[in-house]
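Spelled out from the first residue to the last, the chains are:
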Amino acid sequence: MTATQSDEQRIMLAVPQGEFVLRRNPHDPSLQAWDAADEFLLKHLDEAKIPQGKDRVLLLNDAYGALALALANYSPYSWSDSYLAQQGLRDNLLANAYPVEQVTTNATIDFPSVPVDCVLIKIPKTLAMLEYQLYALRKLLHHDTRIIAAGMARHIHSSTLELFETIIGPTTTTRAVKKSRLVLAQRDHSLNEGQSQYPESFELEVDRSYRIVNHAGLFSRDRLDAGSRFLLENMAVGEQYQRIVDLGCGNGVLGLIAAAMNPAATLLFCDESHMAVASATENFIAAFKSSRGAEFRVGDGLQGVDDESRDLVLCNPPFHLQHSIGDAIAWQMFKDARRALVSGGELRIVGNRHLGYHAKLKKLFGNCATVATNKKFVILNAIK
Ligand SMILES: C[S@@+](CC[C@H](N)C(=O)[O-])C[C@H]1O[C@@H](n2cnc3c(N)ncnc32)[C@H](O)[C@@H]1O
């Protein structure tokens, strides 16, 4: 992307397979919805005449549909952990006059169950996610399945290639083009040792009666995040909190402890990550069996949750989205929370002190109390 690009150029993906309108979700006119690795991969596919005929194509981690759109005629299956990415793909299919059914997407963390002829992988942010995906792929690969991964060179390390070598089989990389690389792997069916170490789990240090399971894509997968711990130590407790939301729930640890400390409350767990909601579901059911009312939703913020229907929203907002950083999501979450709260309902959050959430909440709610602070974090409470 260059500084001289117009907004229009930033949404036109021109590759050998065609020209496509492509936007991010949420749309940001200053950012492209694809990267040089998508372009490199699509050029390579065109030159190598992949896929062909009735090939069954599986896409992993295609951010907003650059790969799915270019290969839409093959009716690919696109697996993503991110609901926002899936929604972006759906919007982009419609913007290019394809029906959304042209591309099949996952509704859970499971992979498709039929063998595939061509697997195209955008290298995910964490090795954990890649490891999980490569193990899950094994059962879908036949002798001639093509496996090609693409990523920006700065995200492809020797540890990345080692995972392909040990889980899939012989692996090579291409030279870098516009700072992106391809990884070409071939399945060695004699390599059947090992299995994914995910989901993994840890004992919750604030209450050892809970074991917290975390699927591979999760935030703070191997230990309790320091911010989350601070919020657990400053949990809202009281009879007025009957309907509690864990917004951006991750493994659901905030909602779990809120449920334990507010025994009459019902819980709603929401996250845009399928793996997060799967983890929160498993953790809540392990802790309370079916004796407690709870709902689990994969979605964007509190979209689809009724206005004025909740008494308390708990949130440890994200400030990383894929490889980019920003606080737009936190701001959207605060607005969603305000909408979903009843009059007198409360939003309780934890944030790094330097993020300035206090001013945002004050602006939105007209009030914001500091519940606790330590060297790094602050717990804030705003009342609707
Ligand atoms: C900082 S983590 C907090 C996880 C967990 N609540 C905790 O305290 O350990 C933020 C979470 O927000 C989720 N998230 C990011 N964007 C979201 C969105 N638009 N809607 C819902 N959840 C989102 C992320 O997937 C992540 O699980």
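Everything here concerns the structure above.
The structure displayed is predicted, hence computed values, not measured ones.

Visitor: I'd love a proper account of empty space enclosed by the protein, names of residues and values included.
Guide: Considering all chains together, one arrives at one cavity of 30 Å³ or more under this definition. Reported here for the largest cavity is a volume of approximately 40 Å³. Lining the largest cavity we find Asp62, Ala63, Gly65, Ser78, Ser80, Ala85, Gln86 and Leu89. When residues of the lining of the largest cavity are assigned to their parent elements, the largest contribution, three residues, is made by helix α4 (residues 83–95). Residue composition of the lining of the largest cavity, grouped by class: three nonpolar, four polar and one charged.

Visitor: Which residues make up the packing of aromatic side chains, and what values do they have?
Guide: With the rule as written, the count across this model stands at seven aromatic pairs. Geometrically, the ring pair formed by phenylalanine 111 and tyrosine 132 is edge-to-face, given 6.2 Å between the ring centres and 90° between the ring planes. Separated by 21 residues along the polypeptide, phenylalanine 111 in the loop between β5 (104–105) and β6 (116–122) and tyrosine 132 in helix α5 (residues 127–138) bring together distant segments of the chain. Each member of the pair, phenylalanine 111 as well as tyrosine 132, carries the same accessibility label: buried. Pairing phenylalanine 269 with phenylalanine 296 gives two aromatic rings, centres 5.2 Å apart and planes at 10°, and the pair type is stacked. Placement of phenylalanine 269 in strand β13 (residues 266–271) and of phenylalanine 296 in strand β14 (residues 294–298) is noted, with a sequence separation of 27 residues between them. Residue phenylalanine 296 is classed as partly exposed on the basis of its relative accessible area of 24%. Of the aromatic side chains, those joined through ring pairs into one cluster are Phe269, Phe284, Phe288 and Phe296. The side chain of arginine 292 reaches across the aromatic face of phenylalanine 288, ending 5.2 Å from its centre. Just above the ring of phenylalanine 365 sits the side chain of arginine 338; from NZ or CZ to the centre is 6.0 Å.

Calculation rules
- Residues numbered from 1 in each chain as written.
- Predicted model: local features only at pLDDT ≥ 70, side-chain atom pairs only at ≥ 80, totals over all residues.
- Heavy atoms only, no water.
- 1 Å grid on protein atoms, 1.4 Å probe; cavity = no way out; pocket = protein on both sides within 12 Å on 5 of 7 lines; lining within 4 Å.
- Points joined across faces, edges and corners; volume = space filled by probe spheres on them.
- Helix = DSSP H or I, 4+ residues; strand = E, 2+ residues; numbered from the N terminus.
- Nonpolar A, V, L, I, M, F, W, Y, C, P; charged D, E, K, R; others polar.
- Phe/Tyr/Trp six-rings, centres within 6.5 Å; stacked < 30°, edge-to-face > 60°.
- Buried < 20%, exposed > 50% of the residue type's maximum accessible area, 1.4 Å probe, protein only.
- Lys NZ or Arg CZ within 6 Å of the ring centre and 35° of its normal.

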